[in-house]
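Observations on the model geometry
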Amino acid sequence: MTTHEIQNPDYDIWTMVTRSRYCYVISALLIGKIKIAIGGYGQKVIPMLSAYIPVPKVRLLIHRILDAVNPPSDGFAFEVIGGSSRDGVVESRILKVVFDAGQNGQFASMPWRIVIGVGPGRLLDTGGISPIGKPTSVADIRLSVDDMTMLALELEAHLRHRQGSYEYHRIREQRERLAQRTAETDAA
């Protein structure tokens, strides 16, 4: 891995563009996450919204999508709640991955739906962020079973190939910070 890749690790792992929506799945392994961004264009422009999923939850989602013994069916839902706090403004982000063929199979050809909702939030004592009310902005995209399977396989391959390198650098940086704090404590 080059220094450039470590300093600029974000890049598209997978992209989907439909007639009115787009979705980018982006590597953010330097912070231990995967970023998903969704927006819309055409007659109904939807500003791009994004949310992050921690790697352990990404692995769980991949497992559930690719589960041959108990494959996802109507009612399957996977949700990640997060957000950020900047300059005193707390924003919540909710990412949902849902399997929903719709009433009478209305969406049978594209039963997977990825939804990102962004809105006000509150900072919890644990450091987490909780939504306040309903999201003020929502973006979604529907995917076929094959498209979602390809997404899961690409994520799995990406994590298998790249995560070890990022983890090595992250652990090395943590050890260097610990050594520096220890040296400062010993000097005091």
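This text gives an overview of the structure that appears in the document. (Residues numbered from 1 in each chain as written. Predicted model: local features only at pLDDT ≥ 70, side-chain atom pairs only at ≥ 80, totals over all residues. Heavy atoms only, no water.)

This part covers the packing of helix α2 (residues 55-66) against helix α3 (residues 145-187). Packing of α2 against α3 leaves a shortest axis separation of 10 Å and a crossing angle of 140°. If you check the angle between α2 and α3, you find them oblique. For α2 against α3, the interelement crossing comes out left-handed. Mapping the contact onto sequence places V55, V58, R59, I62, I65 and L66 in α2 and M148, T149, A152, L153, L155, E156, L159 and Q163 in α3. Of the residues that constitute the contact of α2 with α3, the class distribution is 10 nonpolar, two polar and two charged. (Axes fitted to C-alpha atoms, helices over the stretch in contact; angles between N-to-C directions. Helix = DSSP H or I, 4+ residues; strand = E, 2+ residues; numbered from the N terminus. Parallel < 35°, antiparallel > 145°, perpendicular 65-115°, else oblique. Left-handed = near helix turned anticlockwise from the far one by under 90°. Contact = heavy atoms within 4.5 Å. Nonpolar A, V, L, I, M, F, W, Y, C, P; charged D, E, K, R; others polar.)

A complete count under the given rule lists seven salt bridges for this structure. Two residues, R21 and D140, come together in a salt bridge whose shortest N-O distance is 3.3 Å. Pair noted here: R21 is in strand β2 (residues 21-28) and D140 is in strand β9 (residues 137-143), with a separation of 119 residues, a long-range link. The class for D140 is buried, based on a relative accessible area of 16%. Its salt-bridge partner being R142, residue D100 comes within 3.5 Å of it at the nearest N-O pair. Of this pair, D100 sits in the loop between β6 (89-99) and β7 (112-123) while R142 sits in strand β9, and the two are 42 residues apart along the sequence. Judged by relative accessible area, D100 falls into the partly exposed class, the value being 29%. Several salt bridges converge on common partners, so that one network encompasses R21, R113 and D140. (Salt bridge = Lys/Arg side-chain N within 4 Å of Asp/Glu carboxyl O. Buried < 20%, exposed > 50% of the residue type's maximum accessible area, 1.4 Å probe, protein only.)

Okay, the side chain of R162 next. Mapping R162 onto the fold places it in helix α3. Within the structure, R162 has its side chain in polar contact with the side chain of Y11 (distance 3.2 Å). (Polar contact = N/O pair within 3.5 Å; in protein donor to acceptor, adjacent residues only side chain to side chain.)

Core analysis: the largest hydrophobic core is formed by 37 residues, its most contacted members being V25, I36 and I114. If you tally residues by element for this core, the top one is α3, at six residues. Ignoring anything within four residues of it in the chain, the contact list for V25 reads Y11, D12, I13, W14, I34, K35, I36, L151 and L155. (Core = buried A, V, L, I, M, F, W, Y, C linked by side-chain atoms within 4.5 Å.)

Now for the packing of aromatic side chains. Throughout the structure, instances matching the rule amount to four aromatic pairs. Cation over ring: R142 sits above F107, and NZ or CZ is 3.7 Å from the ring centre. (Phe/Tyr/Trp six-rings, centres within 6.5 Å; stacked < 30°, edge-to-face > 60°. Lys NZ or Arg CZ within 6 Å of the ring centre and 35° of its normal.)

Moving on to the pairing of β6. As paired elements, strand β5 (residues 77-86) and β6 share 10 bridges and run antiparallel to each other. Opposite A77, over in β6, you have V98 as the bridge partner. Counting the residues that bridge the hairpin from β5 to β6 gives two residues, and of these D87 lies at a positive phi of roughly 50°. Where β6 and β7 come together, nine bridges link them in antiparallel fashion. The residue bridging L95 from the neighbouring strand is I116, located in β7. (Pairing = 2+ DSSP bridges.)

A separate point is the pairing of strand β4 (residues 46-54). Across seven bridges, strand β3 (residues 33-40) lies against β4 in antiparallel orientation. Looking across to β4, one finds that I38 is bridged to L49. Linking two consecutive strands that pair antiparallel, namely β3 and β4, is a turn of five residues; a positive phi of about 95° is found at G42 within it.

So, on to a nonpolar patch on the surface. Judged by side-chain polarity, L30, I31 and Y52 come together as a nonpolar surface patch covering roughly 260 Å² of accessible area. Position of L30 relative to the elements: it lies in the loop between β2 and β3. Judged by relative accessible area, which is 32%, L30 ranks as partly exposed. (Patch = residues over 30% accessible without salt bridge, like charges linked within 9 Å, V, L, I, M, F, W, Y side chains within 5 Å. Areas by Shrake-Rupley, 256 points an atom, 1.4 Å probe, with all protein chains shown as cover.)

Moving on: α2. Taking 1.5 Å as the rise per residue, α2 with 12 residues should run 16 Å; its terminal C-alpha atoms sit 16 Å apart, in good agreement. At its buried positions, α2 is contacted by β3, β4, β5, β6, β7 and α3. (Expected span 1.5 Å × (residues − 1).)

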